Amino acid sequence: SLHNTRKKVEEALRIYIKEEGILQFLLKNVYWESKGKLAYRFNLSSLTENNSEVGEALPSFTDFLGKDVFVAHCATFDFGFLHYNLKKHYGEELLNDRLCTRKLANRLYPELSRRRLADLCEFFNISNQQAHRAMADVHATTEIFTNMLNSLNRKGISKIEDIKRFEKSPIKKL
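Residues numbered from 1 in each chain as written. Predicted model: local features only at pLDDT ≥ 70, side-chain atom pairs only at ≥ 80, totals over all residues. Heavy atoms only, no water.

A. Quick peek at unusual backbone geometry. Phi is positive for Cys74, close to 65°, though the residue is something other than glycine. Position of Cys74 among the secondary structure elements: in the loop between strand S3 (70-72) and helix H5 (75-90). You can call Cys74 partly exposed: its relative accessible area is 22%. With a phi angle near 60°, Asn125 is a residue other than glycine that sits in the positive phi range. Checked against the element boundaries, Asn125 lands in the loop between helix H7 (117-124) and helix H8 (134-154). Classification of Asn125 as exposed rests on a relative accessible area of 72%. (Helix = DSSP H or I, 4+ residues; strand = E, 2+ residues; numbered from the N terminus. Buried < 20%, exposed > 50% of the residue type's maximum accessible area, 1.4 Å probe, protein only.)

Take a look at the structure:
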């Protein structure tokens, strides 16, 4: 099955890649180009040639984020990537609260068969003409999160601690 094959890819990558942040980045961005052939959704040469740019960008990002809540689709990966690089380049930790629109969607909209960013855009009738481009995905995630906040408010959930608790609650199966 595809799941077992994907698990084998992960096991093979773990042999060569010891840094969890890099491993998760690769797993998130690998796809099947054709039967038996994997491809990736990023410019590998750019990443290897310019890897210090992530570290250089972090101070302005952390200044921008401040003490606000970090919100992303698949936030565990994105937050982990940023946290790993902040620690690697500056010896600091990213300690902000975080919320994940994918995890929230699992609990708020169990009727959806899939909860990818594109699926949620379709569900909320949000246009994302440049999917997988950073700023376009940020705008789409912002609109999705705004809709989710409305759904949460209708359930009487509005404080960050309550939203975080809801995000970790068991997923109700239909």
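B. Quick peek at the environment of Ala72. With respect to the secondary-structure elements, Ala72 resides in strand S3. As a C-alpha pair, Ala72 and Asp137 span 65 residues in sequence and 9.3 Å in three-dimensional space. Ala72 has contacts with Asp78, Leu99, Cys100, Thr101 and Thr141, leaving out every residue within four places of it along the chain. (Contact = heavy atoms within 4.5 Å.)

C. Just the nonpolar core, in detail. Core analysis: the largest hydrophobic core is formed by 19 residues, its most contacted members being Leu104, Leu108, Tyr109, Ile144 and Met148. Elements that contribute at least two residues to this core include exactly helix H6 (101-108), H7, H8 and helix H9 (160-167). Among the elements that line this core, the one with the most residues is H8, at five residues. Once residues lying within four places of it in the same chain are set aside, the contact partners of Leu108 are Met148, Ser151, Leu152, Lys155 and Phe166. (Core = buried A, V, L, I, M, F, W, Y, C linked by side-chain atoms within 4.5 Å.)

D. Broad picture of the pattern of salt bridges. According to the stated counting rule, one finds five salt bridges in the structure shown. Put simply, Asp97, Glu161 and Lys164 are held in one network by salt bridges that share partners. (Salt bridge = Lys/Arg side-chain N within 4 Å of Asp/Glu carboxyl O.)

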